[in-house]
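Structural features, examined
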Amino acid sequence: LSKKVQAIYLWWHKPVIDQELLQSLPNLKVIANSGVGMDHLDLKLVASFGVKMANAPHAVSSSTADTGMALLLASARRLVEVYHIAISSNMDYCEADILGVEVAGATLGIIGMGNIGYKIALRAKAFEMNILYHNRTRRKAQEEQAVGATYCEKIDSLLQQADFVMVVVSLTPQTHSLIGKRELELMKPTATLINISRGAVVDQEALVMALQTGVIRAAALDVTYPEPLPRDHPLLKLKNVIVTPHLGIKTDKATYMITEEAVENILAALNGLPIPNEVLPS
């Protein structure tokens, strides 16, 4: 069937797109990804075979933004910890041991203000948060005003001021280990790091050390490297960490919308029309 294959729909990075597969599909025209991140693809290699690529940025933005806010709230109110207390046999605890931190009035720093980052800002505004953001390009003034966001040209300024830092960037060579030892030490000791982008954007060894030594208060991670983490990984043993198994886009509605968006991209490519969400190699 290799000569009949004209399109590939990638679901959760499968099938693996490598040179051998590309060489075996001489009539392949397009690869449609189920999601935004394209770091699992060698974009230049795919393009060298004359194959176009597309992602699904619109279908995933709301569900991923919801995941980010869910992690922020769960960490602030220590929901995982108190759940285990609530179901324990003796319910023996001191109220001082389960105090969380206020979200209303706190400062949220968003690193990466694309579609998802902006939707997080909309949600954070409803929680009466002060919003800072850092992005490669500044948003329009009316967009900033709509969510009450303040632009930080330097990431350091955001890290020093934020009570919650949410990472929402794509994984590229420039963002690999974007949050490392230096950046963590710039954060407040009362601050929480939330990562809903890709695991490798954060230096995990530096994060473990920061959490163990009180450099920052807590972390909430929907992404790690690798995924899943080894069962003996220190991140899984810390009380001030919440780890979820890359939930970002996993809702029934988002899954359906992703497939619709991918089909739209595929049909456009096969009919020689402009691909709505084409991704070009940088």
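Here the structure is a predicted model, which means the values were calculated and not measured. (Residues numbered from 1 in each chain as written. Predicted model: local features only at pLDDT ≥ 70, side-chain atom pairs only at ≥ 80, totals over all residues. Heavy atoms only, no water.)

1. Regarding the overall build of the chain
Our working definition: Here a helix means four or more residues in a row that DSSP labels H or I, a strand means two or more in a row labelled E, and each is numbered from the N terminus. In this setup the radius of gyration rests on C-alpha atoms only. A globule is expected at 2.2 Å times the number of residues raised to 0.38. What makes two residues a contact is simply this: any of their non-hydrogen atoms within 4.5 Å. Using a 1.4 Å probe, the Shrake-Rupley method yields the accessible areas, and only the shown protein chains count as cover for residues. Asp and Glu are treated as the negative residues and Lys and Arg as the positive ones, with His and the ends of the chain left uncounted. Taken as the charge centre is NZ of Lys, CZ of Arg, CG of Asp or CD of Glu, depending on the residue.
Counting its regular elements, the chain contains 10 helices and 10 strands. Taken against the 2.2 N^0.38 rule, which gives 19 Å for 282 residues, the C-alpha radius of gyration of the chain at 21 Å falls within 12% of a compact globule. Pairs at least 24 residues apart make up 61% of the contacts formed inside the chain by residues separated by at least 6 positions. Of the roughly 14,900 Å² of accessible surface on the chain, a fraction of 55% belongs to carbon and sulfur atoms. Of the charged side chains in the chain, 26 are positive and 28 negative, and the gap between their average positions amounts to 5 Å.

2. Focus on the side chain of Thr244
Within the secondary structure layout, Thr244 lies in the loop between strand E10 (241–243) and helix H10 (252–270). Discounting chain neighbours no more than four positions away, the residues touching Thr244 are Leu71, Leu221, Asp222 and Val223.

3. Concerning unusual backbone geometry
Leaving glycine aside, a negative phi is the common case for residues, and trans is the common case for peptide bonds. The peptide bond linking Lys14 to Pro15 adopts the cis configuration, its omega dihedral lying at 0 degrees. You can see Pro15 is positioned in the loop between strand E1 (7–10) and helix H1 (19–24). Across the junction of Tyr225 and Pro226, the peptide omega takes the value -5 degrees, indicating a cis bond. You can see Pro226 is positioned in the loop between strand E9 (218–221) and E10. The phi dihedral of Glu128 is positive, around 60 degrees, even though this residue is not glycine. Here Glu128 is to be found in the loop between helix H5 (115–126) and strand E5 (130–134). For His246, which is not a glycine, the phi torsion comes out positive at approximately 55 degrees. Note on placement: His246 falls in the loop between E10 and H10.

4. So, the UniProt feature "domain: D-isomer specific 2-hydroxyacid dehydrogenase NAD-binding" (unreviewed entry) in the chain
Here is the rule: UniProt positions are given in the numbering used here, feature names are shortened, and annotations may be inferred rather than shown by experiment.
In this structure's numbering, the residues bearing the UniProt feature "domain: D-isomer specific 2-hydroxyacid dehydrogenase NAD-binding" (unreviewed entry) are residues 69–248. Secondary structure content for residues 69–248 is 32% helix and 16% strand, while the C-alpha to C-alpha distance between its ends is 11 Å.

5. What to know about the sheet that holds strand E3 (residues 52–54)
Note the following rule: The pairing criterion is simple: DSSP has to find at least two bridges between the two strands. Each axis is a line fitted through C-alpha atoms, and for a helix only the stretch in contact is used; angles between axes span 0 to 180 degrees, taken between their N-to-C directions.
As summarised here, the arrangement of the three strands in space is E1-E2-E3, forming an open sheet in which the pairing is parallel. Looking at the sheet topology across the chains shown, the edges are occupied by E1 and E3. Taken over all neighbouring pairs, the strand axes of this sheet differ in orientation by 15 degrees on average, direction set aside. Sitting on the sheet, H10 touches E1, strand E2 (30–33) and E3, and the angle it makes with E1 is about 160 degrees.

6. Things to note about the packing of helix H3 (residues 57–76) against H10
Axis angle and axis distance: for two packed helices, these are the angle between their axes and the distance between the axes, and together they describe the pair. The test is simple: Reported orientations rely on four angle classes, namely roughly parallel under 35 degrees, roughly antiparallel over 145, roughly perpendicular from 65 to 115, and oblique for the rest. Crossing handedness is read from the near helix: turned anticlockwise from the far helix by less than a right angle, it gives a left-handed crossing, and turned clockwise, a right-handed one.
Viewed as axis vectors pointing N to C, H3 and H10 meet at an angle of 165 degrees, and their least axial separation amounts to 8 Å. Comparing the axis directions of H3 and H10 gives the class roughly antiparallel. As H3 packs across H10, the resulting crossing turns out to be left-handed. Across the interface between the two elements, Pro57, His58, Ala59, Val60 and Ser63 of H3 pack against Ala254, Met257, Ile258 and Glu261 of H10.

7. Points about the side chain of Thr224
Our working definition: In protein, a polar contact means a hydrogen-donor-capable atom and an acceptor-capable atom, both N or O and within 3.5 Å, with residues adjacent in sequence counting only if both atoms are side-chain atoms; elsewhere, any N or O pair within 3.5 Å suffices.
Here Thr224 shows up in the loop between E9 and E10. A polar contact of 2.8 Å, which involves the side chain of Thr224, links it to the backbone oxygen of Pro226. Each residue touching Thr224, except ones within four places of it in the same chain, is listed here: Gly199, Gln204, Leu229 and Val243.

8. With respect to the sheet that holds strand E7 (residues 164–167)
Ordered in space as E6-E5-E4-E7-E8-E9-E10, the seven strands form an open sheet in which the pairing is parallel. What marks the edges here is a single partner per strand, and that holds for strand E6 (149–151) and E10. Across the sheet, the mean angle from the axis of one strand to that of its neighbour is 15 degrees, orientation sign disregarded. As paired elements, E9 and E10 share three bridges and run parallel to each other. Looking across to E10, one finds that Ala219 is bridged to Val241. Here H5 sits on the sheet and contacts strand E4 (107–111), E5 and E7; the angle it forms with E4, its principal contact strand, is near 170 degrees.

9. What to know about the layout of surface pockets
Rules: Here the term cavity refers to a set of points on a 1 Å grid, laid over the protein atoms alone, in which a 1.4 Å probe fits but cannot get out; the term pocket refers to an open set having protein on both sides within 12 Å along at least five of seven lines, with lining residues being those that place an atom within 4 Å of a point. Grid points are joined across faces, edges and corners, and a volume is the space filled by probe spheres set on the points. Throughout this entry, Asp, Glu, Lys and Arg are counted as charged residues, while Ala, Val, Leu, Ile, Met, Phe, Trp, Tyr, Cys and Pro are counted as nonpolar. The remaining residues, Gly among them, count as polar.
Looking at the second largest pocket, its volume works out to about 400 Å³. Taken together, 23 residues form the lining of the second largest pocket, with Glu81, Leu238, Lys239, Asn240 and Val241 sitting closest to its centre. Broken down by secondary-structure element, the contributors of at least two residues to the lining of the second largest pocket are H3, helix H4 (79–86), E9 and E10. Here the lining of the second largest pocket gets five residues from one element, more than from any other, and that element is H4. Of the residues that constitute the lining of the second largest pocket, the class distribution is 14 nonpolar, four polar and five charged.

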